[in-house]
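Chain residues, written in single-letter form:
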Amino acid sequence: MTDLLQPTLATQAPQARSLPAIHRVNSPDPTILRQTVLRWQSAIFSSAAIQLPGSGDRFTTLHHLVKRIAQIRASGTAAISNSSADSSPSLLEQVRPEAQAVLASLTSIESLSDQEVATVVDPQQSAQSLQTLIPWLLWNLVQTTHEAVQLIEGFTGQIRQAETWQSGTIRLVVGLKLTQAATTYAFDLVTQQALPPLLARETQIRAEDLPGHVLLQSTSTVGAVLQGFIAQLKTHSVLQHYWTGFAASWLIPHHPWQSGLAVLELGFEFIPTASSLAAQGDNSRNAAVQPCVKFSQRAWLEQHISTAVEHQLTQVLHAILPALRHLPEEPDVALAHVVEQGCAAMDELQCSLTLASRTFGQQPLCLDALGLRLLWNINRTAYELMQLTSGTSVTLLAPQADWQKGALRFVMHLVLRTPNQVWQWDLVQRSAAATLVSPSSDAIVQADHAWCVEPIVLRDLEAQIWQLIEQAAPEIAMLRTTTEAIITLGQVAELGTVQLVAAFEFTPVQDQET
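For every chain, the first residue of its written sequence is number 1, and the numbers climb from 1 along that sequence. Since the coordinates come from a predicted model, pLDDT governs what is reported: local features require at least 70, and pairs of side-chain atoms require 80 or more to be given and counted, while whole-chain, interface and lining totals use all residues. For side-chain calculations, the full set of non-hydrogen atoms in the structure is used, while hydrogens and water are omitted.

Enquirer: Hey, could you run me through the environment of Leu103 in this one?
Expert: With respect to the secondary-structure elements, Leu103 resides in helix H4 (residues 96-105). Owing to a relative accessible area of 22%, Leu103 belongs among the partly exposed residues under this scheme. Note: C-alpha distance between Leu103 and Leu62 (41 residues apart in sequence) is 9.4 Å. In this description, contact between two residues means that some pair of their heavy atoms is separated by no more than 4.5 Å. Not counting residues up to four positions away in its chain, the partners in contact with Leu103 are Leu327, Pro331, Ala334, Leu335 and Val338. Helix and strand labels come from DSSP, where a helix needs a run of H or I of at least four residues and a strand needs a run of E of at least two; each type is numbered from the N terminus. To sort residues, take the accessible area from a 1.4 Å probe on protein chains only and compare it with the maximum for the residue type: under 20% means buried, over 50% means exposed, and anything in between is partly exposed.

Put into structure tokens, the structure is as follows:
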């Protein structure tokens, strides 16, 4: 499902499926419901961009403290537990120099800007159409791990009912419920239809085509998988209001304003193998044997992992800054608090599914699986970049040409080369790449897009994109240069190279005269 994170140019919904709603509700037609406007406090719709590398002594000293804690835990020389609540004298004495350096760097903590420690709440009312809100919600839902994309796309698996295992397609359903006293509107954000029946939380499920999946290990219950997924999502504060529900008003075409509670609901849908719906799945990515990639250059692998770990640790440290803003006056108590927060950062880093998704270099991956990891990591850097990799409507002015309307897409290809073969893979289409029709890099584009509201030269826009990737996903930027890898096709393994390349694609559209 290539458009899971991609708000399409025509914003067309996937093919409608005749599925009953989970509740008996008086819902309008889904086409009308997609035109609904939701109004709530604007802070709820604020986007939490990935923090860029921290500057100043406070981040340097915090990095040193966490690394020292990790060394002590790994050596086993201290009688400490892997608990963030532990602040034993033994640990404190061993990391005292690092903790004191942190404390010294935090003497100006009171001057930290609100941008560093909190999101400023805007009390003004704001409104968004569901058509705009849906891709933003899905983008936020998959921020923590690429495994979320796999669950929402659906996977081949089995469920256990009445002591019998049944095969089929299992899909994570993301529903938005708008509830008031008289009516509940339940809406599937992916199919943009009424919610399908969901599996009971005690139902056992297992995957057949997701080896090494962390959220779905071996045989699990629906409730356990959902609990693990939501636990990861709760670290993504932008969505916290959506799990508990928040007061909102909505205006559906041909209806009066209504007020109630808006809340996200997760569950699993099961489609038996015998169902005609399952037979309609797109198996094109499995139609041909794909090459598998195993990065082989040791120095590159070490740099790739350390780069991802360093950057992810910075994200964790940004989150703990509020806890360090007001420290106790007693020096030893303050030091213990600093060490406790350092342990908490270490614990979160060790359990981070995001870090696990980012450090893909040490395992062999088939081309589609590797492409999914790369696309997930690139798109998570900014919602605006996700829009550009999908494609957005623009007007373009090339040298010696007239203004043209069309679709502009930032196309990213993964190129695999061996002495005998070359593969070029489109990360978004998840298929062999077609020949690009690239506009001149000197062309100017303008669009209803945050990065193109004012006219911008394509060369400058591309430079802005790569700068973002280098800052927010530096381990991905490493693939811009050719990297050695063992490329295996069937039983044949060859030494080759992997490289990430990109270019703009422009598809003109004809004006529709009426």
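Enquirer: What is the right way to look at the pattern of salt bridges in this model?
Expert: When the charged atoms of two side chains lie near each other, side chains of opposite charge can form a pair. We count a salt bridge whenever a side-chain nitrogen from Lys or Arg sits within 4 Å of a carboxyl oxygen from Asp or Glu. Within the structure shown, the criterion is met by 16 salt bridges. Here Arg298 ties to Glu302 by a salt bridge, and the two come within 3.3 Å at their closest N and O atoms. Residue Arg298 and its partner Glu302 are both found in helix H11 (residues 298-320); the two are separated by four residues, about one turn of the helix. The shortest N-O distance in the salt bridge between Arg459 and Asp442 comes to 2.6 Å. Taken together, the residues span a long stretch of sequence, with Arg459 in helix H16 (residues 458-472) and Asp442 in the loop between strand S15 (431-432) and strand S16 (444-446) at a distance of 17 residues. The class of Arg459 is partly exposed, set by a relative accessible area of 42%. What emerges from the salt-bridge pattern is a single network uniting Glu93, Arg96 and Asp332.

Enquirer: Just checking my understanding: could you explain the nonpolar core for this structure?
Expert: Nonpolar side chains in soluble globular proteins generally cluster together in the buried interior. Core analysis: the largest hydrophobic core is formed by 55 residues, its most contacted members being Leu189, Ile205 and Phe268. Ranked by residues supplied to this core, first place goes to helix H6 (residues 130-141) with eight residues. In this structure Ile205 touches Gln158, Ile159, Trp165, Ile170, Leu199, Leu216, Ser218, Thr219, Ser220, Val222, Val225 and Phe268, once residues within four positions along its chain are discounted. The set of buried Ala, Val, Leu, Ile, Met, Phe, Trp, Tyr and Cys residues whose side-chain atoms join them within 4.5 Å is what this entry labels a nonpolar core.

Enquirer: Any chance you could explain unusual backbone geometry here in plain terms?
Expert: With the exception of glycine, most residues fall at negative phi, and the peptide bonds are largely trans. One non-glycine residue with positive phi stands out, namely Ala162, at about 55°. Position of Ala162 among the secondary structure elements: in the loop between strand S3 (155-161) and strand S4 (164-179). In this structure, Arg430 takes a positive phi of about 55° despite not being glycine. Mapped onto the elements of the fold, Arg430 is located in the loop between strand S14 (422-426) and S15.

Enquirer: Before we go on, may I ask you to explain the environment of Glu384 in this structure?
Expert: For Glu384, the position within the fold is in helix H15 (residues 383-390). Sequence-wise, Glu384 and Trp451 are 67 residues apart; in three dimensions their C-alpha atoms are separated by 7.4 Å. With residues near it in sequence (within four places) discarded, Glu384 still touches His449, Ala450 and Trp451.

Enquirer: What am I meant to see in the packing of aromatic side chains here?
Expert: Aromatic ring pairs are reported here in terms of the distance separating the ring centres and the angle at which the planes meet. For this analysis, a ring pair means two rings from Phe, Tyr or Trp (six-membered ring only for Trp) whose centres lie within 6.5 Å, classed as stacked if their planes differ by under 30 degrees, edge-to-face if by over 60, and tilted for the remaining angles. Within this structure, the stated rule accounts for seven aromatic pairs. Summarising the aromatic geometry, the rings of Trp136 and Tyr242 are spaced 6.4 Å apart at their centres and angled 50° between planes, so their arrangement reads as tilted. Of this pair, Trp136 sits in helix H6 while Tyr242 sits in helix H9 (residues 240-244), placing them 106 residues apart in sequence. Of the residues examined, Trp136 reaches a relative accessible area of 3% and is grouped as buried.

Just geometry here; none of it tells us what the structure is for.
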